[in-house]
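Commentary on secondary and tertiary structure
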Amino acid sequence: MELENKREAKVISKNIDVFYGDKQALFGIDLEIYKNEVTALIGPSGCGKSTFLRCINRMNDVIDICKITGEIEIDNFNIYKPDVDVVRLREKVGMVFQKPNPFPKSIYDNIAYGPSIHGIAKDKNEMDQIVETSLQKAALWNEVKDRLHEPGTGLSGGQQQRLCIARAISINPEIILMDEPCSALDPIATAKIEELIDSLKTSFTIVIVTHSMSQAARVSQRTGFFHLGKLIEMGETEKIFKNPNNTMTQDYITGRFG
Amino acid sequence: MNKELRRKKRYQAEKRFQVYGIIAISLALFFVGLLVFKVFSEGTSAFSRTMIKVPITFNAEKLGITNINDNDEVENADYYTLVYEQFVKNYPYSNDEEEKQIIKLLSPDYEFEAKNYFLQNRNQLNKTVTLLFTASDDFDQLHKGNFPRDIPEERRRLSNYQLNIYDQFLKEGKIEKIFNNYLFSKGDSRDPELAGFGGAILGSLFTILICLLISFPIALSAAVYLEEFAPKNKLTDLIEININNLAAVPSIVFGLLGLGVLLNVFELPRSTALVGGITLSLMTLPRIIIPARASLKAVPPSIREGALAVGASKVQTVFHHVVPLAMPGTLSGTIIGLAQALGETAPLLLIGMVAFVVELPGSPMDPSASLPVQVYLWSESAERGFVEKTSATIMMLLGFLIVMNSLAVYARQKFEKKWN
Amino acid sequence: MNFVLISFILLFSVSLYFFSKSRIGYFASSKQFKLKALPKYYAYYLSLWCALPAFIILVSWNILEPTIIKNLIFSKIQSDSLNEISKDELNLIFQKIKAYYSGNFTGQLSEGIKAGADQYKRLLSVASSSKVVIFLSAIILFTGFALKNISNNIHAREGVEKIIRIILFVSSVAAILTTVGIVFSLLFESIKFFTTINFFDYIFGTSWSPQKAFVSDVSAKMSPAELKELSEAFGAIPLFAGTAFIALIAMCVAVPIGLFSGIYFAEYASVNVRKFGKPIIEILAGVPTVVYGFFAALTVGPFFRVLGESIGLEVSSESALAAGLVMGVMIIPFVSSLTDDVVNAVPQSLRDGSYAVGATKSETIKKVVFPAALPGIVGSILLAVSRAIGETMIVVMAAGLAANLTINPLESTTTVTTQIVMILVGDQEFTSAKTQAAFALGLTLFVATLILNFIALRVVKKYREQYE
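The model shown is predicted, which means the values in this text are computed figures rather than measured ones.

1. A short note on the overall build of chain B
- Across its full length, chain B carries 18 helices and three strands.
- In terms of overall size, chain B is more extended than a compact globule, its C-alpha atoms giving a radius of gyration of 30 Å where 420 residues would be expected to give roughly 22 Å.
- In terms of overall dimensions, chain B has a C-alpha envelope of 90 × 80 × 40 Å along the principal axes.
- By the burial criterion, 53% of the 420 residues in chain B qualify as buried.
- Once local pairs closer than 6 in sequence are excluded, the contacts in chain B between residues at least 24 apart make up 76%.
- Charge-centre separation for chain B: the mean point of 42 positive side chains lies 17 Å from the mean point of 42 negative side chains.

As structure tokens, this is what we get:
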């Protein structure tokens, strides 16, 4: 109970509706995401969990036909206000995608890209430092430190995904969104990423979308269950998996549908 | 703050980049507009012809006709002197030079225009009728407002004296503009007012027809073979690379091929639509094969499997099912290929389709020009009248191309099946 | 004559088709065998065998006949004459004979030519009657052959399909034959050219004045000094330089405009701008080059001259700038639509990755999309360059004729294609080194564009595979 008091809401979603053309994808999502915790979003495919994730850093803006209503507050600031600068928002909210998507550049340039466009590093030394710490935080430094100038696309799938995580943390965001980061990886690489997520939560607030319930159980403190564009239930991971309030959640957890 | 400033700059860069894109597109659109505007503003006047009204008395004595029913006599009568004498009467002149200047206001064809009229209206013998005669090019251009009048006389094509005649005629209502049917019905001529692109249209038509007859069947068969029957081996690889490269060979090289092989080895007749059509068909071949193969490839294998499963042979499957389904795409590719061939000039120059041809070609074996070649020929001429005729020819050519390309788009959209 | 024969085969084979289709059932029962395929396949089989061989014979006869007659006449002239007659003179005499035969001969008439014309006429009539005989017997022979096969109870559909496959294969070989024809016709004349003119004088020479070749023509009779002088008249460097220069100006116009508009269409343009803007720009690709030439020669060239005069510059009315600029306009749509395609092929995930670290759209394009698309863009620019150097009409009409070695865009320069046209338009003599030079230029152009295309297609293909 002591823990509960220390918790601080980082992201608050208020009545978010999302439409693709005339098809509604999300219905009135209300939820809170706490600081320095891992929050998992689960649900069957097509339930809207990824769509919601992309609302948090406004990646849905890229899609022309996508319309969003409602509010998302980060640190009590509504990011859907008309004059919000998405570039600034995304500097604060990083993202890792389902399929590793390193740029067709060297490992070094992949990491340096974010800091260089935001002008974070003053000189080459500082940039080297940022690249090194980012790769270290992503637990990739030891594997790639001798070949920083080789193309990032030459790495294995798991390494590529850690490279993408390193790229996301290179600009020191406050929140990292992960969209099924392990779905394209083998079990060993998955284990490494999960370990990494656990260590990252001390510095970042992490939201992870996953289709694997065991993964959600392993890495997250809180879990939200989405179904057909609605948030069915949200709570402590332990509670959701052991004793959910909603029967639908119960059915999904026990594998009766999904 | 530093960061704030930086972000501002980044947004400015973003704006700038978009503006570059918009400028680039606007420039490209501007060029399209300029081209179309230039051609239309210069070409439209070619579709009208300036005529001068002249009362002519078909005086039997002057013509030397004694018996109106004697065809020979009527044919060979002296219309030249008849019109000449009656025309120069229209304005006072004091010397030979001025007399010459008056008659120069008429196109040199006036005797034939009078004769043609008289041959159909023999009962007008010894009567006076008002005939319309084609004005000379200079007069025509003056009337259309293409010649400035306020420059010194020595830099003008028409003298002060001739300008006075023009003004006088204008006042008397002797000048009339009619639709220029010569433009469509006549072949080339040294006199702009008598020149037309009728011969060039026929030449283009024959050329494209021959091109179609040769390239379409061969290209379709080649595409079907390569896509449906060809085994994967060195030879088919070679054919494939060959076709792709052939599609990008400069057109003038095909002209050299036509000259070196068709004219010099096979000794086909020079300057004819036959040779032009064969040359262009070789050029068009790969340009049809490529889209035809693409549309064959787009037919899903399930169609083939379905036909084979009911016991059709490979050939039957292909010709009963696959080829008909690939037809819209193939046809649209063919039309586009032919449109390119229609606009092609360089190869035709080399096989001699640049001859000065007055008569309309009656068959592909006759010497002829084609529309783009006519553009080239006329653009080399200095007379102002040819400039407007060149633009008019371009309008005609562009008209054909627009029709063909719209047909291609139509064929594709109307008949093509979308496979999911 | 040919027309009559072709109509005859068409008519005959079509009626044979319908006749046999209706009769084949009786035929089979009278010969007491069971049909293995539908009657129509027997009908196809018959009419194909009837028409195809006869048609092939007709075509090859027409191709061979003039050469054979020519050689027969040549050998007659040769045997009538006491001394050796050179090939060129033989050709000349033959031309005279032909002109006399067709009734438009003007000039001195010799007995020899009259006799030659008689022989020519005789040969023509023999040829045309034997053509008809062979043609008709081919029809009878091959139709008979097909009938015999049918009565031996052949599988008609397989027979037909075999023929169809052969026709299809032969058609696809036509593309190779075209290339062979190009190479053959270019090489044949070029080799003759290079036996007179030193290859290195051609490739590295800096003075191009082919009119000199008219002065003294037959290389065999030339002194070494004359030969050297002639050789030095065919230095193609000014042409290569002019071609490259004009192409460079064109690319300076087309690459930025094409690239930016392609990127704008792919990344920024709204659906409507794309829908209307793209086709309008693509009109530029459909406009015949002769129209651009007209535009360059009558609008852009004089415009630059007047503009130059007004600021005190001397601009040639056939400046390289005018030709290059207009050529650039022509190439814009190639660069823009290829760029559009290539940029669209860059996967969205790369863009998402860039946006996710807070990059703006233009930063994403400049630093992620463009580098990723670069190979494809380079390939498309190479294709555009190959078009620019092969382009003929614009430079023929708007660029100069004199071979100046210059890098001043306001002066006139000439190009490889312009010279080919200038040399070959009008009457030519095929023995002149000047005429052969045009083919050597054509060969150079062919090889250059071939190499460019080959590289470009490879690069583009590699690029495509990367994202598939």
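So that's the structure; there's more coming.
2. Structural notes on the overall build of chain A
- For chain A, the count of helices and strands is 11 helices and 10 strands.
- Relative to its length of 258 residues, chain A is compact, with a C-alpha radius of gyration of 18 Å against a globular reference of 18 Å.
- Dimensions of chain A, computed from C-alpha atoms along their principal axes, come out at roughly 55 × 45 × 40 Å.
- The buried share of chain A, reckoned over its 258 residues, is 54%.
- Considering only intrachain contacts with a sequence separation of at least 6, the fraction spanning at least 24 residues in chain A is 68%.

3. Here's the deal with the nonpolar core
- Membership of the largest hydrophobic core comes to 176 residues, with the highest contact counts inside it found for Trp 208, Phe 234, Tyr 292, Met 327, Ile 331, Ile 420 and Leu 424 of chain C.
- If one sorts the elements of this core by residue count, helix α8 (residues 237–268) of chain C sits on top with 17 residues.
- One finds Met 127, Leu 155, Ile 165 and Ala 189 of chain A within the second-largest nonpolar core, a separate group that totals 42 residues.

4. Considerations on the sheet that holds strand β1 (residues 9–20) of chain A
All names here are of chain A.
- The strand order across the open sheet formed by four strands is β2-β1-β4-β5, and the pairing between neighbours is antiparallel. Every interior strand has two partners, whereas the edge strands, β2 (23–34) and β5 (77–78), have only one.
- Bridge analysis of β1 against β2 gives eight bridges, and the strand direction is antiparallel. When the sheet's bridge partners are listed, Phe 19 is paired in β2 with Gln 24.

5. Here's the deal with the sheet that holds strand β2 (residues 128–134) of chain B
Residues and elements named next belong to chain B.
- Ordered in space as β2-β1-β3, the three strands form an open sheet in which the pairing is antiparallel. The open sheet has two edge strands, β2 and β3 (175–179), and neither has a second partner. With direction set aside, neighbouring strand axes in the sheet form an average angle of 40 degrees.
- Pairing between strand β1 (residues 48–57) and β2: seven bridges, direction antiparallel.

6. Points about helix α4 (residues 107–118) of chain A
Residue and element names in this part refer to chain A.
- Across the 12 residues that make up α4, a large majority, 10, are buried.
- Listed in full, the buried residues belonging to α4 are Ile 107, Tyr 108, Asn 110, Ile 111, Ala 112, Tyr 113, Gly 114, Pro 115, Ile 117 and His 118.
- Gly 119 lies just past α4 and shows a positive phi near 65 degrees.

7. Details of the environment of Thr 196 of chain C
- Relative to the helices and strands, Thr 196 of chain C is located in helix α5 (residues 156–196).
- Relative accessible area serves as the criterion here: at 14%, Thr 196 of chain C is assigned to the buried category.

8. Details of helix α5 (residues 96–103) of chain B
- When we look at burial in α5 of chain B, the residues that qualify are Glu 98, Glu 99, Gln 101, Ile 102 and Ile 103 of chain B.
- Residues of α5 of chain B that are buried in the fold lie against α4 (79–88), α6 (110–120) and α8 (160–171) of chain B.

9. Examining the interface of chain C and chain B
- Contact residues are listed per partner, giving 81 residues for chain C and 77 residues for chain B.
- Interface area, chain C with chain B, both sides summed: about 6,700 Å², of which 77% is carbon and sulfur.
- Summed over the three residues of chain C that lose the most area to chain B, namely Leu 168, Phe 260 and Phe 294 of chain C, the buried surface amounts to 9% of that side.
- Along the contact surface separating chain C from chain B lie one salt bridge.
- Here Glu 363 of chain C and Arg 10 of chain B are joined by a salt bridge, their closest N and O atoms 2.7 Å apart.
- At the junction of chain C with chain B, the criterion picks out 10 residue pairs in polar contact (both at pLDDT 80 or more).
- Considering every element that reaches the side of chain C that touches chain B, the biggest residue donor is α5 of chain C, with 18 residues.
- In the side of chain C that touches chain B, the residues fall into 50 nonpolar, 23 polar and eight charged.

10. So, the packing of aromatic side chains
All names here are of chain A.
- A full pass over the atoms with the stated rule returns 39 aromatic pairs over all chains.
- An angle of 25 degrees between the planes, with centres 4.9 Å apart, marks the rings of Phe 225 and Tyr 252 as stacked. One end of the pair, Phe 225, is in strand β9 (residues 222–227); the other, Tyr 252, is in helix α11 (residues 247–253), and 27 residues separate them in sequence. No difference in accessibility class separates Phe 225 from Tyr 252, as the two residues are buried.

11. What to know about the pairing of β1 of chain A
All names here are of chain A.
- Counted between consecutive antiparallel strands, the loop separating β1 from β2 contains two residues, among which Gly 21 sits at a positive phi close to 65 degrees.
- In terms of strand pairing, β1 meets strand β4 (residues 66–74) through eight bridges, oriented antiparallel. Paired with Val 11 across the strands is Ile 74, a residue of β4.

12. Quick word on the packing of helix α14 (residues 301–309) of chain B against helix α15 (residues 314–342) of chain B
Residue and element names in this part refer to chain B.
- Look at α14 against α15: their axes get within 9 Å of each other, and the N-to-C directions meet at 140 degrees. Note that α14 runs across α15; the crossing there is right-handed. Side by side, α14 and α15 meet where Ile 303, Arg 304, Ala 307 and Leu 308 of the first sit next to Lys 314, Thr 317, His 321, Val 322 and Leu 325 of the second.

13. With respect to the domain arrangement of chain B
All names here are of chain B.
- One can read the domain layout of chain B as domain 1 (48–179) and domain 2 (198–415).
- Look at where the C-alpha atoms of domain 1 and domain 2 centre, and you get two points 46 Å apart.
- Across the boundary between the two partners, domain 1 contributes seven residues, which contact four residues of domain 2.
- With both chains or domains summed, domain 1 and domain 2 bury close to 410 Å², and 41% of this area falls on carbon and sulfur atoms.
- The largest share of the area that domain 1 buries against domain 2 comes from Asp 137, Gln 141 and Asn 146, three residues that together contribute 65% of it.
- Linking domain 1 with domain 2 are one salt bridge.

14. A closer look at the interface of chain C and chain A
- With 18 residues of chain C in contact, the opposing surface of chain A contributes 22 residues.
- When residues of chain C are sorted by the area they lose upon contact with chain A, Ala 356, Val 357 and Lys 367 of chain C head the list and together hold 35% of the total.
- Here chain C is connected to chain A by one salt bridge.
- With a shortest N-O distance of 3.8 Å, Arg 54 of chain A and Asp 352 of chain C are connected by a salt bridge.
- Among the elements of the structure, α12 (348–356) and α13 (361–390) of chain C are those that each provide at least two residues to the side of chain C that touches chain A.

15. Digging into the confidence of the model for chain A
- Overall, the predicted model of chain A reaches an average pLDDT of 89, with 97% of residues at or above 70.
- Least confident of the elements in chain A is helix α1 (residues 2–6) of chain A, whose mean pLDDT is 53; most confident is strand β8 (residues 205–209) of chain A, at 95.

16. Considerations on a positive patch on the surface
- Taken together, the side chains of Arg 6, Lys 9 and Arg 16 of chain B together with Lys 366 and Lys 367 of chain C define a basic patch exposed on the protein surface.
- At the level of secondary structure, the elements contributing two or more residues to the positive patch comprise α1 (2–43) of chain B together with α13 of chain C.
- Ranked by residue count, the leading element in the positive patch is α1 of chain B, at three residues.
- Inspection of the secondary structure assignment puts Lys 367 of chain C in helix α13.
- Take Lys 367 of chain C: its relative accessible area is 35%, and that puts it in the partly exposed class.

17. Details of the environment of Phe 204 of chain C
All names here are of chain C.
- Relative to the helices and strands, Phe 204 resides in helix α6 (residues 199–204).
- Among the residues examined, Phe 204 registers a relative accessible area of 56% and is labelled exposed.
- In this structure, the C-alpha to C-alpha distance between Phe 204 and Ser 47, residues 157 residues apart in sequence, is 60 Å.

18. A word on the confidence of the model for chain B
- Summing up the model confidence of chain B, the mean pLDDT is 89 and the portion of residues at 70 or higher is 99%.
- Taken together, the chains of this predicted complex give a pTM of 0.86 and an interface ipTM of 0.90.

19. Points about the side chain of Gln 160 of chain A
Residues and elements named next belong to chain A.
- Tracing the sequence through the fold places Gln 160 in helix α7 (residues 157–169).
- From its side chain, Gln 160 meets the backbone oxygen of Thr 153 in a polar contact 3.1 Å long.
- When sequence neighbours within four positions are dropped, the list of residues in contact with Gln 160 reads Pro 100, Pro 102, Gly 152, Thr 153 and Leu 155.

Basis of the calculations
- Residues numbered from 1 in each chain as written.
- Chains lettered and ligands numbered in written order.
- Predicted model: local features only at pLDDT ≥ 70, side-chain atom pairs only at ≥ 80, totals over all residues.
- Heavy atoms only, no water.
- Helix = DSSP H or I, 4+ residues; strand = E, 2+ residues; numbered from the N terminus.
- Rg over C-alpha atoms; globule rule 2.2 N^0.38 Å.
- Buried < 20%, exposed > 50% of the residue type's maximum accessible area, 1.4 Å probe, protein only.
- Contact = heavy atoms within 4.5 Å.
- Lys, Arg positive; Asp, Glu negative; His and termini not counted.
- Charge placed at Lys NZ, Arg CZ, Asp CG, Glu CD.
- Core = buried A, V, L, I, M, F, W, Y, C linked by side-chain atoms within 4.5 Å.
- Pairing = 2+ DSSP bridges.
- Axes fitted to C-alpha atoms, helices over the stretch in contact; angles between N-to-C directions.
- Buried area = accessible area lost by both parts, 1.4 Å probe.
- Salt bridge = Lys/Arg side-chain N within 4 Å of Asp/Glu carboxyl O.
- Polar contact = N/O pair within 3.5 Å; in protein donor to acceptor, adjacent residues only side chain to side chain.
- Nonpolar A, V, L, I, M, F, W, Y, C, P; charged D, E, K, R; others polar.
- Phe/Tyr/Trp six-rings, centres within 6.5 Å; stacked < 30°, edge-to-face > 60°.
- Left-handed = near helix turned anticlockwise from the far one by under 90°.
- Domains from an automatic or database assignment.
- pLDDT = per-residue confidence, 0-100.
- Patch = residues over 30% accessible without salt bridge, like charges linked within 9 Å, V, L, I, M, F, W, Y side chains within 5 Å.
- Areas by Shrake-Rupley, 256 points an atom, 1.4 Å probe, with all protein chains shown as cover.

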